[in-house]
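Structural overview
The lines below spell out each chain.
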Amino acid sequence: MPRGLPAVPATARLPDCFGNNPKRWRSAWGLASPCVRVASLRSHFFENSMTLPSARHTVALLALSLTACGGKDVRPGDENPNPVTDPCEESNSIDPASGTCAPLRLQCARDLSGFKTDRYVWRDRDCHVRSVSLVRNDAADPAGWNGGYIRRYTYEVAGAERTCDGQSSQVPGWGMVTSHLKDGQTWGAWTQDVRGSGRFLFKGAHHALHELKWPLSLDGRVVQVTVQYLFATGRDHPLYAITHDASGFPANQIEADVRSPYGDLAFDGNASTDIAGLGWGDKYRFVTLSSPVTMNTGWDYREPNVVPYTRMWTAAPDAEMGAVQTQTWEQKPAGGYWLYPEWGTRHANGPMPVDYNWPYQLNQYELPSVTNSHRLAWGSNFGAVGLSQYPRLGDDGVMLSGHPYQSYSVFMVLGTHTASPVLSLVSEVEAWQGVKLTASEGTVRTRGPGGVGRTDSVTYDVAGYNPVYATWEADAASNRVTLAFDTAGRTLARPMVVVHGYTAATAPTTVTLDGKSLTADTDYFASVDAEGKALWLTLQRDLKGAATLKVE
């Protein structure tokens, strides 16, 4: 818990088939069977999914005249409607062995020791199996929360599965929404006592978006919070995108920070061993100098930094956990409070900074009593939610806006410490900022929504690069695009491309890179979002220098 406060103690599966397209599902949880496809009511049932008795009665009445899951829509003019596949239906096929890139799988309403979870299974850049089990956020769970976090994360190490669970009784996973008030009747709020709603926003062959929403009360003002998780074949780490929407009340009514994704995950394979080291990046890089980490550990804060991140690691087993932002610190400042006078300094003999003054929350509030806390979160200055102007970290006088929105995206990183997954990803994101993207067919996008759950448009810092999802985006011309990447000599790792205005029902038959044909599901992974009229495509290779990607 921040500010030295004591830690706070801690439905049957139904896809609702709202939509007639197998690639995109807007499914509210908790509705009684049978599930009914009513395209015009998609938003109504999701937005009102918390009023369950009313929803059940409505579904029951509609079910008398409409088809249940797995049938066909009955609408005028639909003489040959396409069959619809339930995205939650268990696959009867056996997944290919690790090392083979199989399609992404979604397993709905899975019981995980009493936690109702939706489990995503995907293949990373090495085609090794990874999975995340997300606890549903619309009902109380066995830990005394209302879900809305990762309860289990698995990945492979040396050919064996490593299972990482939420083991803290106070903070039972990773991904919680948490904000703290500078002043107010309470310390702030997190989603422990808040029931929300969720939906499968998009599920394609190789890409999926999972959305969670909450009304978070901060000193009597309700901030509408939207979180989306992006999972994709060929991408190691899930992306966590969050928006705090304070547009429902005037600016300067509250002064809150942001610490999401907040959590505690036994990232060392449930060993719960001592933390061997930790660090973060704001405008400079902070790193500890000895193991295990205590409040007397020495540290170094001298190296300049570009992309914000947090990280901690264990030595035995060899494991690392962290968060990496999709933008640079100059583009989207992160971190808070008053430690910036120590930028450029080294304290080889410690002690560590006082707990309330770390720019990000990690395990500082537990360190006085234990050395094996796996707590890890994010951080900002107060005012990031609520103020029309608040200062970024530092004393340069630069002011930022925390009203009406505060949005950002980070990768949720797990791997072995020897592979340095956090700093490797930091380097990749940094390299992306120098990429120049142009189009000879289609149009590169230069603007897009400012965050998840938002409709306002903002200008991208890098033409074509959407930091909300860490994707490269363009508009198609008759379902075709020809995109030229110039990486300025750095490596553009496994780029994910989103082609908007794509109206074909199936993935393209021809994809080439520098004139050479690529093989689907080997050289690239494609998903069609028919309702959103978009093609998602991840290249299973890195680009360096000049490269031309053609989709037709």
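Heads up: these notes are all about the structure in this document. (Residues numbered from 1 in each chain as written. Predicted model: local features only at pLDDT ≥ 70, side-chain atom pairs only at ≥ 80, totals over all residues. Heavy atoms only, no water.)

**Focus on the pattern of salt bridges**
The tally for this structure, following the rule as stated, stands at 23 salt bridges. For Arg-285, the salt bridge identified is with Glu-303, shortest N-O distance 3.7 Å. Within this pair, whereas Arg-285 is found in strand S15 (residues 284-288), its partner Glu-303 is found in strand S16 (residues 299-304), the two being separated by 18 residues in sequence. The exposure class of Arg-285 is buried, given its relative accessible area of 18%. When its relative accessible area of 45% is taken as the criterion, Glu-303 is described as partly exposed. (Salt bridge = Lys/Arg side-chain N within 4 Å of Asp/Glu carboxyl O. Helix = DSSP H or I, 4+ residues; strand = E, 2+ residues; numbered from the N terminus. Buried < 20%, exposed > 50% of the residue type's maximum accessible area, 1.4 Å probe, protein only.)

**A short note on empty space enclosed by the protein**
Within this model, the largest cavity holds a volume of roughly 110 Å³. As for the largest cavity, its lining consists of Arg-125, Gly-234, Arg-235, Asp-236, His-237, Phe-411, Leu-425, Glu-428, Trp-432, Ala-493 and Arg-494. The greatest single-element share of the lining of the largest cavity, amounting to 3 residues, is contributed by helix H3 (residues 421-432). The residue makeup of the lining of the largest cavity, split by class, is 4 nonpolar, 2 polar and 5 charged. One number sums up the size of the second largest cavity: a volume of about 60 Å³. Val-258, Gln-325, Lys-332, Pro-333, Ala-334, Trp-378, Gly-379, Ser-380, Ala-384, Tyr-390, Gln-406 and Tyr-408 together form the lining of the second largest cavity. Of the residues in the lining of the second largest cavity, the class split is 7 nonpolar, 4 polar and 1 charged. (1 Å grid on protein atoms, 1.4 Å probe; cavity = no way out; pocket = protein on both sides within 12 Å on 5 of 7 lines; lining within 4 Å. Points joined across faces, edges and corners; volume = space filled by probe spheres on them. Nonpolar A, V, L, I, M, F, W, Y, C, P; charged D, E, K, R; others polar.)

**Describing the side chain of Asp-141**
Its location among the elements puts Asp-141 in the loop between strand S3 (129-135) and strand S4 (150-157). Once residues lying within four places of it in the same chain are set aside, the contact partners of Asp-141 are Phe-115, Val-135, Asn-146, Gly-147 and Tyr-149. (Contact = heavy atoms within 4.5 Å.)

**Focus: the packing of aromatic side chains**
Throughout the structure, instances matching the rule amount to 28 aromatic pairs. Here a set of aromatic residues connected by ring pairs shows up, and it is made of Tyr-120, Trp-122, Tyr-153, Tyr-155, Tyr-229, Phe-231 and Tyr-240. (Phe/Tyr/Trp six-rings, centres within 6.5 Å; stacked < 30°, edge-to-face > 60°.)

**A few points about the sheet that holds strand S10 (residues 207-218)**
One open sheet holds the 11 strands; their spatial order is S9-S10-S11-S12-S23-S18-S17-S14-S15-S16-S19, and the pairing between them is antiparallel. With partners counted over all chains shown, the strands left at the sheet margins are strand S9 (197-203) and strand S19 (345-347), one partner each. Adjacent strand axes in the sheet meet at a mean angle of 15 degrees, parallel and antiparallel pairs treated alike. Of the strand pairs in this sheet, strand S12 (residues 239-245) and strand S23 (residues 405-415) are connected by 7 bridges, and their pairing is antiparallel. (Pairing = 2+ DSSP bridges. Axes fitted to C-alpha atoms, helices over the stretch in contact; angles between N-to-C directions.)

**Quick notes on the nonpolar core**
Core analysis: the biggest nonpolar cluster contains 69 residues, and Tyr-229, Leu-278, Trp-280 and Leu-414 have the highest contact counts within it. If you look at the next biggest cluster of nonpolar residues, it comprises 52 residues, including Val-307, Val-444, Tyr-524 and Val-551. (Core = buried A, V, L, I, M, F, W, Y, C linked by side-chain atoms within 4.5 Å.)

**Regarding the state of the cysteines**
With the rule as written, the count across this model stands at 1 disulfide. In this model, Cys-101 is linked to Cys-127 through a disulfide, with the two sulfur atoms separated by 1.7 Å. With the S-S dihedral at roughly -90 degrees, the linkage between Cys-101 and Cys-127 falls on the left-handed side. Taken together, the residues Cys-101 in the loop between helix H2 (52-63) and strand S1 (105-112) and Cys-127 in the loop between strand S2 (115-123) and S3 connect sequence positions 26 residues apart. Each of the two residues, Cys-101 as well as Cys-127, counts as buried. (Disulfide = S-S within 2.5 Å.)

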